[in-house]
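Okay, here's what each chain looks like letter by letter:
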Amino acid sequence: MKGSDALTTLRRHWSFVLVAIIGAGLIFTNLGSGYLWADEGDTAVLASNILKFGVPRAWDGVTFMDSDFGARVNNDLVMVSSPWLQYYLAAASFWLFGENTFAARLPFAFAGWLTILLVYRLIWQSTADRRAALCGAILTICSVQFLLFCRQSRYYALAMLFTLLLIETFLRMKTSRQTALFAVVAILLFHTHPIGIVPVFALGVLTLMDRGFSSQRRWFWLALPAVSVLTIPWFALAHSGYTENASLVPSVRDFFARLVQYLIECASVSPLIGVTVLAVVSLIGRSRIDRPREQRARELLVTILAVSVSYAIAMAITQRTAALWVTGLRYTSAVIPLLATAAGFLIVKVSREKNSVLLSLLLLFAFTNFAQITPWLFWADKNPDPEHKIVAPHVPEKAINCFLPAADLLFLRDLFYSNVGTVGKCSEFLRENARANDLLITNYESEPLYFHTRLPQGMKIMRQDPIYETARRRGLPEYVFGVDHARWVVWRFNWDDYLGIRWSNVSDHLLAEGARVNDAAEVKETAWENRENIHFHRFSGDTYLFPHETNLQATHIFRVDWPAGQ
């Protein structure tokens with residue numbers, strides 16, 4: 001494209017350029033501020049090990065890291081349960097910008113920003129309507145859940161980007177070149193997260209069941225062997241890790257309970273209800289879109305529906321309702337921009353060229369909760385028990401937040417305020433008081449604590465852990481298996497029995513060996529640093545929008561002094 005053509009295009013889409021700039025500000029501002037939470041720490045530590053060994057090893061010669069007690073690693077202590085794309089992208093960022101929180105989050109933030117561009121282009125290509133494309137992009141950047149996903153050192157933003165790319169390439173897949181691109185995107189999507197294979201097969205079903213996609217049928221099935229060869233074998237490699245984090249549905253009743261819970265999760269952070277209502281209204285009214293454009297728009301909406309439904313079915317089959325309540329849309333983050341895309345098109349279609357209606361609907365969707373499920377459940381139980389109830393919704397503590405979300409203002413405020421929690425305070429204390437090789441013991445969120453302090457950690461592998469015998473055979477040092485010679489202990493008393501061992505056991509062993517244990521600091525327990533799910537996210541000032549546990553036991557940092565010669 002010539003410079004003059006590019007300038008003309010920018011002028012033509014100037015309103016979206018402004019939205020893209022605002023989106024960049026929301027995603028990149030102070031991206032490196034704040035500490036990593038548990039899952040971000042996993043990404044960062046394994047990415048750091050890639051720079052040392054070329055693969056994501058759980059053992060780096062100093063500390064063993066695996067949040068699933070060794071279930072995710074093979075006999076060479078290499079992490080194999082999660083696809084590696086996110087770790088290599090973070091490693092590349094570390095190589096370019098150094099090992100810090102900004103570099104850990106940068107590639108994922110960039111993927112999130114590209115998702116905004118893709119939402120606009122996807123609608124524009126299908127409808128040639130700048131207003132619809134602009135509405136979709138605005139709704140995307142107005143989603144705080146979307147922005148939280150983008151600002152994580154985790155695969156969420158990659159899943160959003162590649163899912164939208166998958167749909168775009170599928171809709172245009174009518175040549176061998178486009179087919180090759182579709183295969184590449186499908187493979188990348190799977191290696192972002194395994195559930196990425198689900199929408200691939202959903203699109204394949206469309207080619208068989210919907211005549212509107214008959215032209216893609218031949219090309220899809222030509223691409224499928226290459227996609228299968230480079231994805232399916234991973235399931236065999238990572239079997240133990242998946243069985244640790246999945247629970248196949250035992251009955252039809254449980255399937256529908258899980259499905260309802262998943263739909264609640266979707267409707268809590270995306271305009272699922274609003275899109276459904278607009279779709280019904282648009283079917284009742286007459287369309288003024290010319291026939292070719294209407295067909296392209298229909299194809300876009302059908303693919304969004306197929307992908308969203310496939311995600312819902314997959315999650316209902318593999319995840320318990322209580323797990324869905326906790327993880328939300330973490331595994332299927334792409335649903336958020338997909339529903340924003342559908343909403344952008346449907347808002348314009350329903351408005352029927354009336355700008356006042358269009359603007360009213362856009363404001364309703366972007367700055368209130370009426371397109372979500374929350375206002376309709378404001379009376380529900382604010383303290384649900386997902387472990388013992390069939391389904392459990394999320395209801396804000398304050399009734400006003402059921403209708404007019406405070407998350408937007410809280411998110412904006414946090415771009416410029418410090419929000420340091422337990423891991424951050426502990427890291428700061430240890431950086432000031434610990435020496436480089438002091439051995440540390442902790443019982444929770446060890447990954448971010450290791451990334452931020454680089455202190456070697458003991459008591460990482462228990463006798464009951466799946467990796468115990470393998471680690472012994474690999475000759476890992478003795479401190480990995482116990483507490484001897486520890487200099488510092490960060491004990492999160494709120495998770496006292498998380499590792500199957502209590503502080504009383506640890507302290508008794510230390511005292512029996514002649515060590516002196518001194519309580520060096522007490523740190524307020526905040527549970528998380530930068531939690532990805534808005535229902536559990538702590539904004540600055542210890543502000544939560546949704547009910548949270550308030551009786552958290554304080555974290556203690558103990559200094560251990562050993563007798564001379566030990």
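Check the entry above for the structure.
Residues numbered from 1 in each chain as written. Predicted model: local features only at pLDDT ≥ 70, side-chain atom pairs only at ≥ 80, totals over all residues. Heavy atoms only, no water.

**Q** Sorry, what's going on with the overall build of the chain here?
**A** Counting its regular elements, the chain contains 25 helices and four strands. Scaling as 2.2 N^0.38, a compact globule of 566 residues should have a C-alpha radius of gyration of about 24 Å, and the chain matches this with 25 Å. Principal-axis analysis of the C-alpha atoms gives the chain an extent of 85 × 55 × 50 Å. Considering the chain as a whole, with its 566 residues, one finds that 58% of them fall into the buried category. (Helix = DSSP H or I, 4+ residues; strand = E, 2+ residues; numbered from the N terminus. Rg over C-alpha atoms; globule rule 2.2 N^0.38 Å. Buried < 20%, exposed > 50% of the residue type's maximum accessible area, 1.4 Å probe, protein only.)

**Q** Help me understand the packing of helix 2 (residues 14-28) against helix 6 (residues 130-141) in this model?
**A** Across the interface, helix 2 lies against helix 6 with an axial gap of 10 Å and an inter-helix angle of 10°. When the axes of helix 2 and helix 6 are compared, the pair comes out roughly parallel. Considering how the two elements wind past one another, helix 2 and helix 6 form a crossing that is left-handed. For the pair helix 2 and helix 6, contact is made by Ser15, Phe16, Val19, Ile22, Gly23 and Leu26 and by Leu134, Ala137, Ile138 and Ile141, respectively. Of the residues contributing to the contact of helix 2 with helix 6, the split by class is eight nonpolar, two polar and no charged. (Axes fitted to C-alpha atoms, helices over the stretch in contact; angles between N-to-C directions. Parallel < 35°, antiparallel > 145°, perpendicular 65-115°, else oblique. Left-handed = near helix turned anticlockwise from the far one by under 90°. Contact = heavy atoms within 4.5 Å. Nonpolar A, V, L, I, M, F, W, Y, C, P; charged D, E, K, R; others polar.)

**Q** Teacher, can you tell me more about helix 3 (residues 38-53) here?
**A** Turn by turn, an α-helix covers 3.6 residues, leaving residues three or four places apart pointing in a common direction. The first and last C-alpha atoms of helix 3 sit 22 Å apart over 16 residues, in line with the 22 Å expected at 1.5 Å per residue. Burial within helix 3 is extensive, with 13 of its 16 residues counted as buried. One or two residues past the end of helix 3 sits glycine 54, with phi positive at roughly 85°. (Expected span 1.5 Å × (residues − 1).)

**Q** What's the story with the side chain of asparagine 530 in this structure? I'm lost.
**A** You can see asparagine 530 is positioned in the loop between strand 3 (516-523) and strand 4 (555-561). At 3.3 Å, the side chain of asparagine 530 forms a polar contact with the side chain of glutamate 40. Within polar-contact distance, the side chain of asparagine 530 engages the backbone oxygen of arginine 151 at 3.5 Å. Residues contacting asparagine 530, with those up to four places away along its chain left out, are Tyr35, Trp37, Glu40, Arg105, Arg151, Gln152 and His537. (Polar contact = N/O pair within 3.5 Å; in protein donor to acceptor, adjacent residues only side chain to side chain.)

**Q** Explain the environment of serine 81 here, please?
**A** With respect to the helices, strands and loops of the structure, serine 81 is situated in the loop between helix 3 and helix 4 (85-97). Separated by 95 residues in the primary sequence, serine 81 and serine 176 have C-alpha atoms spaced 33 Å apart.

**Q** Hey, could you run me through the pairing of strand 4 in this one?
**A** Regular strands place side chains that alternate from one sheet face to the opposite one. The element strand 4 is extensively covered by neighbouring structure, given that six of its seven residues are classed as buried. In the sheet, strand 2 (residues 488-492) pairs with strand 4 via five bridges, with the strands oriented antiparallel. The partner of valine 490 across the bridge, within strand 4, is isoleucine 557. Bridge count for strand 3 against strand 4 is seven bridges, and the pairing is antiparallel. Bridged to glutamate 522 within strand 4 is histidine 556. (Pairing = 2+ DSSP bridges.)

**Q** Teacher, can you tell me more about the packing of aromatic side chains here?
**A** Geometrically, a pair of aromatic rings is defined through the distance of the ring centres and the angle of the planes. Inspection of the entire model under this criterion finds 28 aromatic pairs. Taken together, a centroid distance of 6.3 Å and an interplanar angle of 80° make the contact between phenylalanine 493 and tryptophan 503 edge-to-face. Here tryptophan 503 lies in helix 25 (residues 503-512) and phenylalanine 493 lies in the loop between strand 2 and helix 25, a separation of 10 residues in the sequence. Tryptophan 503 gets classed as buried once you look at its relative accessible area, which sits at 11%. Ring-pair connections join several aromatic residues into one group, and the members of that group are Trp37, Tyr444, Trp495, Tyr498 and Trp528. The ring of phenylalanine 53 has arginine 57 lying over it, and the distance from NZ or CZ to the ring centre is 5.1 Å. (Phe/Tyr/Trp six-rings, centres within 6.5 Å; stacked < 30°, edge-to-face > 60°. Lys NZ or Arg CZ within 6 Å of the ring centre and 35° of its normal.)

**Q** Sorry if this is basic, but what is going on with the state of the cysteines here?
**A** Joining two cysteines, a disulfide is a covalent bond between their sulfur atoms. Applying the stated criterion to the full structure yields zero disulfides. Here cysteine 142 is not disulfide-linked; the sulfur of cysteine 135 is the nearest cysteine sulfur, at 11 Å. The buried category is assigned to cysteine 142, whose relative accessible area is 17%. (Disulfide = S-S within 2.5 Å.)

**Q** Sorry if this is basic, but what is going on with a nonpolar patch on the surface here?
**A** On the surface, a cluster of nonpolar side chains totalling about 570 Å² of accessible area is made up of Leu51, Trp95, Leu96, Phe97 and Phe102. When residues of the nonpolar patch are assigned to their parent elements, the largest contribution, three residues, is made by helix 4. Within the secondary structure, leucine 51 is located in helix 3. Classification of leucine 51 as partly exposed rests on a relative accessible area of 38%. (Patch = residues over 30% accessible without salt bridge, like charges linked within 9 Å, V, L, I, M, F, W, Y side chains within 5 Å. Areas by Shrake-Rupley, 256 points an atom, 1.4 Å probe, with all protein chains shown as cover. Salt bridge = Lys/Arg side-chain N within 4 Å of Asp/Glu carboxyl O.)

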